[in-house]
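The residues making up each chain are set out below.
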Amino acid sequence: MNATSFEGAQGQDEVAAPGRIVLLTTSHRVAPGLLSWPAWQALRTADRVLCADGAHPQLPYLREAGTAVEEAAPSAQELVDACAGGRTVVVVATGEGEPRLTDGLARLAGSGRVNMPELELLPASYDLPGARLLDLVQVMDRIRVECPWSSRQTHKGLAKYGIEEAYELVEAIEEGDRDELREELGDVLLQVVFHARIAEEDADAPFSIDDVAGGIVAKLIHRHPHVFGDETATTPEEVKAHWLRTKAVEKQRTSVTEGVPLGQPGLALAAKLSSRVRTAGLDVPLPKGEGIGYDLLAAAARAEAEGVDPEAALRAAARVYRDAIRAVESAR
């Protein structure tokens, strides 16, 4: 449609009835055609439906539903003129949200010289919780293909970053910094998506982020029979018991030490082993020996038995020590 189709003289009735502009927005994260009922009502009752993007993913579904959509990108004044006489014009917004048009309408309204139509922003579809994760997957796909650094990364090459990001997340939690917490959670999530994207390229055993998500969903459902099944649990202790029973059936391990990563920090490793022994009801005395290592092993076991995370406790004490160092330095 060209601009002249929006031109025309306005009579007194048209001036008195400026009409209505509906800016219809949709989410690219929701399947095209899944629109709200108010959106369908607006489309069915509109005098004209316009869209500047002839390849907009919603257009085939709108036309299949009997809605005539004109491919046009009118100026703000042309759109106001098209509404004269009480007509309703629906604009199906492009992905950018029509900033040129909305800015132009704002200028007209602010001038005080134009009898403006009623303006309505109508979201036709909403993002579901977690929808932005789809954006992350898409961005990661593009980075993996086009970035000279990211395209060469391997699981082994990224391993150190996963450890670093996990430590930075712990630090943000312990510092109580909400902004840092949100950022560090994103960095940890990036590691998950990055590894999953690399895994898609494996020639022998590929898997995707959907496989990763599907696996953890299945695990959570299976290990929460008190939520998704017929079991009952009213205390955290009962929940933990459910978790341990289902995990034991899944893993079929021959030793309580299986699955304990030896590469974790020493205090955490000692506490985890102690926890496994205590939970299994085994009577395994701590080994006797000389040196600070055995002393730390005993301290970690004692902390775990008392419900204290020895790593967190040591970091807290270390931060106090750091502050004391800085106080002495500033006093010099």
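Note that this is a predicted model, so its numbers are computed, not measured.

Draft legend 1. Summary view of a negative patch on the surface. Together, Glu164, Glu168, Glu171, Glu175, Asp177, Glu180 and Glu183 give the surface a local cluster of negative charge. Broken down by secondary-structure element, the contributors of at least two residues to the negative patch are helix H7 (155-175) and helix H8 (178-199). If you tally residues by element for the negative patch, the top one is H7, at 4 residues.

Draft legend 2. Molecular detail of the packing of aromatic side chains. Overall, the coordinates contain 2 aromatic pairs when judged by the stated rule. Where Trp149 meets Phe194, the ring centres are 6.4 Å apart and the plane angle is 65°; that geometry is what we call edge-to-face. With Trp149 in the loop between helix H6 (132-146) and H7 and Phe194 in helix H8, this pair connects stretches of sequence that are 45 residues apart. On the basis of relative accessible area, Trp149 is assigned to the partly exposed category, the value being 43%. The buried category is assigned to Phe194, whose relative accessible area is 5%. Ring pairs connect the aromatic residues Trp149, Tyr161 and Phe194, which therefore count as one cluster. Here the guanidinium or amino end of Arg223 rests over the ring plane of Trp243, the centre of that ring lying 4.8 Å away.

Draft legend 3. Focus on the pattern of salt bridges. For the structure shown, the criterion picks out 16 salt bridges. Arg182 is the partner of Asp179 in a salt bridge, and the nearest nitrogen-oxygen pair spans 3.6 Å. Taken together, the residues span about one helical turn, with Asp179 and Arg182 both in helix H8 at a distance of 3 residues. For Arg182, a relative accessible area of 58% gives the class exposed. One salt-bridge network, in which partners are shared between bridges, spans Arg29, Asp127, Arg132 and Asp135.

Draft legend 4. The nonpolar core, seen in detail. Counting residues in hydrophobic clusters, the biggest one holds 17 residues, and the most contacted among them are Leu24, Leu35, Leu43, Val49, Leu62 and Val90. Residue contributions to this core peak at 4 residues, all from helix H2 (residues 37-45). Not counting residues up to four positions away in its chain, the partners in contact with Leu35 are Thr26, Trp40, Leu43, Gln58, Leu62 and Ala124. Counting 16 residues, the second largest nonpolar core, distinct from the first, contains Ala72, Val80, Cys83 and Met116.

Reading the values: rules and limits
- Every residue gets a number counted from 1 within its own chain, in the order that chain's sequence is written.
- Residues qualify for local features only when their pLDDT is at least 70, as the model is predicted, and side-chain atom pairs are given and counted only at 80 or more; totals for whole chains, interfaces and linings, by contrast, use all residues.
- Note: side-chain values were computed over all heavy atoms of the structure, leaving out hydrogens and water.
- Nonpolar side chains (Val, Leu, Ile, Met, Phe, Trp, Tyr) within 5 Å and like charges within 9 Å form the patches, drawn only from residues with over 30% relative accessible area and no salt bridge.
- For the area figures, the Shrake-Rupley method with a 1.4 Å probe applies, and any residue is considered shielded solely by the protein chains shown.
- Counted as salt bridges are all cases of a side-chain nitrogen of Lys or Arg within 4 Å of a carboxyl oxygen of Asp or Glu.
- As used throughout, the charge tally considers Lys and Arg to be positive and Asp and Glu to be negative, leaving His and the chain termini uncounted.
- Positions of charges follow a simple convention, taking NZ of Lys, CZ of Arg, CG of Asp or CD of Glu.
- Here a strand is any run of E in DSSP of at least two residues, a helix any run of H or I of at least four, and the numbering for each starts at the N terminus.
- Each aromatic pair joins two rings of Phe, Tyr and Trp (for Trp, the six-membered one) with centres within 6.5 Å, and gets the label stacked for planes under 30 degrees apart, edge-to-face for over 60, and tilted for any other angle.
- Only protein chains enter the area calculation, which uses a 1.4 Å probe; residues under 20% of their type maximum are buried, those over 50% are exposed, and those in between are partly exposed.
- Two conditions define a charge sitting above a ring: the NZ of Lys or the CZ of Arg must be within 6 Å of the ring centre, and it must be within 35 degrees of the ring normal.
- The criterion is simple. A nonpolar core is a set of buried Ala, Val, Leu, Ile, Met, Phe, Trp, Tyr and Cys residues joined through side-chain atoms within 4.5 Å.
- Contacts were defined at the residue level, with two residues in contact if any of their heavy atoms lie within 4.5 Å.

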